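Structure at a glance
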Amino acid sequence: MQVIDTRTTSAREIRARLTRSASLGDAAKEAAVRDIIEDVRARGDEALLDYGRRWDCPKLETLRITPEAIAAAHAACDPTLLETMRGSKANIERFHRQQMPRSWFDGAQDGIILGQLVQPVHTVGLYVPGGTAAYPSTVLMTAVPALVAGVSRIIICTPPDKSGQVNPLVLAAAHECGISDVFAVGGAQAIGAMAYGTETVPGVDVICGPGNIYVLLAKKMVVGSVNIESLPGPSEICVVADDTANPRFVAADMLSQAEHGGVGASSAAVLITPSRALADAVQAELARQAATQSRRAILEQALEEAGLIVITRDVDEALDLANLMAPEHLELEIENAWNRLSKVRNAGAIMIGPWSTEPVADYWAGPSHVLPTSGTARFYGPLSVDIFLKKSSIVCYDEARLREAAPNVIRFAEAEGLDAHANAVRVRVEDPA
């Protein structure tokens, strides 16, 4: 893990260490993903089965997970884990209900009614990653906001294992959310299937969920045919802490994100602090705690590739650097954290105080853990009900009000050389010759 000090390190080097792009510029991968998507559009289920047999299960025979299999996975799930899922689901629902906008109509001007109609999209596709871990929490964190928004149909695509089965915890979480359309399809081909539809996988209006570089490239390519929430890549955490912070807590939270990815997809774990003593203590704790974890190799690789401690002049400089990083997760373990919250401009999720550990936000508190990464918190926010809603403007004029507005509308249209626009008003307000 690298340690740098703002007093002795150039601003350019600090920027380079703290910022990273989504790395979507790989021409070879981009070409491969484009070919996969076009193949899925052309051959549908046949292409999905071919790719599934090549990369996931050599004997894959079916794409759809039956409702009976989903129900069986749910029935076999540890009852205490199901209770935990239900508690998390309730918290996610409670949080996202606070986000719901409303339709509105304004008739304050006689003869004019203006408004906005808010409606859910019809069908949503959720991508739930496979790989080195199971992610039933991702099902809840993507499905529940869609349910709160009023989406009629939700489907899930997720990679099968070598036997062609989908992780039973993912299926149990799907059952808890009332989702019966689950497909054993992963990778870029899953995104293509949901974007354009196949014989088995329905086309959707919005695709949400994290994934590897191929999934991100595919999501990027289908925008316009469908909407996406963002392009969430490798996870990251930034802890801004002062000498009041507990180094054991800080190190544990950094490791909680570092374990998401190892070689080639390392999850960034960053501490920014004005306290050299805290920096030294956290570095020692990282080594000690990593050695006790089951994913030790991943942790150590991630810390080597994307671990960083930055020692600053003061807390204000630390917050400035956190804004530069625009992290997915930002923890504030500093004195008077609430008073300094207004200085935070760029972050996907902000955890305040030593007891607001990042995993409680990931699993339990209520906000979705699908968050912007790689600096995109400068312009993206967390997954919310908004991605599942569409808004239509309402305009209703009576004759008197149109006649009043007509000269201005005609003047604008003629200034832009759009005579047919002007004519559409004239035929209503001028007597025929």
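Up top is the structure.
Let me sum up the structure you'll find in this document. Counting restarts for each chain, with residues numbered from 1 along the sequence as it is written. Where totals are concerned, whole chains, interfaces and linings use all residues; where local detail is concerned, this predicted model gives features only for residues with pLDDT of at least 70, and gives and counts side-chain atom pairs only at 80 or more. Side-chain numbers here rest on the full set of heavy atoms in the structure, without hydrogens or water.

Throughout, a disulfide means two cysteine sulfur atoms within 2.5 Å of one another. With the rule as written, the count across this model stands at zero disulfides. The thiol sulfur of Cys77 is not disulfide-bonded, and the nearest other cysteine sulfur, from Cys177, lies at 13 Å. The class of Cys77 is buried, set by a relative accessible area of 7%. Cys157 takes part in no disulfide bond, and the closest cysteine sulfur to it belongs to Cys208, at a distance of 13 Å. Buried residues are those whose accessible area, probed at 1.4 Å on protein chains only, stays under 20% of the maximum for their type, while exposed residues exceed 50% and partly exposed ones sit between those limits.

This brings us to the sheet that holds strand 3 (residues 104-106). DSSP-based pairing: two strands are paired if at least 2 bridges between them are found. Secondary structure elements are defined from DSSP: runs of H or I of at least 4 residues count as helices, runs of E of at least 2 residues count as strands, and each element is numbered from the N terminus. Read across the open sheet, the three strands follow the order 3-4-15; overall the sheet is antiparallel. Of all strands in the sheet, those bounded by a partner on one side alone are strand 3 and strand 15 (389-397). Within this sheet the neighbouring strands show an average axis-to-axis angle of 10°, counted without direction. Where strand 3 lies against strand 4 (residues 112-120), three bridges are found, and the strand directions are antiparallel. By the bridge assignment for strand 4, Asp106 is matched with Leu114. All axes are obtained by fitting lines to C-alpha atoms, using only the stretch in contact for helices, and the reported angles, taken between N-to-C directions, cover 0 to 180 degrees.

Interaxial distance between helix 16 (residues 399-415) and helix 17 (residues 419-429) falls to 8 Å at its minimum, and their mutual angle equals 155°. It follows from the interaxial angle that helix 16 and helix 17 lie roughly antiparallel. For the pair helix 16 and helix 17, the sense of crossing is left-handed. Within the contact between the two elements, helix 16 uses Leu402, Arg403, Ala406, Val409, Ile410, Ala413 and Glu414 and helix 17 uses His421, Ala422, Val425, Arg426, Arg428 and Val429. In this scheme, roughly parallel covers angles under 35 degrees and roughly antiparallel covers those over 145, while 65 to 115 is roughly perpendicular and the rest are oblique. The hand of a helix crossing depends on one turn: near helix anticlockwise from the far one by less than a right angle means left-handed, and clockwise means right-handed. Throughout, a residue-residue contact means that at least one pair of heavy atoms, one from each residue, lies within 4.5 Å.

As a further point, take the pairing of strand 10 (residues 236-241). Successive side chains on a regular strand alternate, one facing one side of the sheet and the next facing the other. Counting buried positions along strand 10 yields six of six residues, so the element is predominantly enclosed. The side-chain alternation of strand 10 yields two buried faces, one formed by Glu236, Cys238 and Val240 and the other by Ile237, Val239 and Ala241. In terms of strand pairing, strand 10 meets strand 11 (residues 268-273) through five bridges, oriented parallel. From the neighbouring strand, Val240 faces strand 11, where its bridge partner is Ile272. Bridge analysis of strand 10 against strand 13 (residues 329-333) gives five bridges, and the strand direction is parallel. Bridge pairing in strand 13 places Cys238 opposite Leu330.

Moving on, we get to a nonpolar patch on the surface. Distance thresholds for patches are 9 Å for like charges and 5 Å for nonpolar side chains (Val, Leu, Ile, Met, Phe, Trp, Tyr), applied to residues having over 30% relative accessible area and no salt bridge. Reported accessibility uses the Shrake-Rupley method at a 1.4 Å probe radius. Residues are deemed covered only where the shown protein chains occlude them. One side-chain nitrogen of Lys or Arg within 4 Å of one carboxyl oxygen of Asp or Glu is enough to make a salt bridge. On the surface, Trp104, Leu114, Val395 and Tyr397 cluster together to form a nonpolar patch covering roughly 370 Å² of accessible area. Along the chain, the position of Trp104 falls in strand 3. Overall, the relative accessible area of 36% leaves Trp104 in the partly exposed class.

Applying the stated criterion across every chain, the model contains 22 salt bridges. The partner of Arg7 in a salt bridge is Asp5, with the nearest N and O atoms 3.2 Å apart. A residue is classified by how much of its surface remains accessible, and Arg7, at 46% relative accessible area, is partly exposed.

All right, on to helix 2 (residues 27-43) then. Here the expected length of a helix is defined as 1.5 Å per residue gap, with one fewer gap than residues. Here helix 2 is 17 residues long and its end C-alpha atoms lie 24 Å apart, about the 24 Å a rise of 1.5 Å per residue gives. Buried residues in helix 2 make contact with helix 3 (45-55), helix 8 (187-196) and helix 9 (213-222). Taken from the residues just after helix 2, Gly44 is the one with a positive phi, measuring 60°.

Located in the positive-phi region is Asn336, a residue other than glycine, with phi close to 55°. With respect to the helices, strands and loops of the structure, Asn336 is situated in the loop between strand 13 and helix 14 (337-340). Phi is positive for Ser374, close to 55°, though the residue is something other than glycine. In this fold, Ser374 is placed in the loop between helix 15 (358-363) and strand 15.

Along the chain, the position of Ala422 falls in helix 17. On the basis of relative accessible area, Ala422 is assigned to the buried category, the value being 0%. With 11 residues separating them in the primary sequence, Ala422 and Arg411 have C-alpha atoms 7.8 Å apart. Apart from the residues within four sequence positions on either side, Ala422 is in contact with Ile410, Ala413 and Glu414.

Where helix 6 (residues 136-149) meets helix 7 (residues 168-176), the axes come as close as 8 Å, and the angle between the chain directions of the two elements is 25°. Classed by the angle they form, the pair helix 6 and helix 7 counts as roughly parallel. Of the two possible hands of crossing, helix 6 and helix 7 adopt the one that is right-handed. Here helix 6 contributes Pro136, Val139 and Leu140 to the contact with helix 7, which in turn contributes Leu169, Val170, Ala173 and Ala174.

Scope: geometric values only; no functional claims are made or implied.
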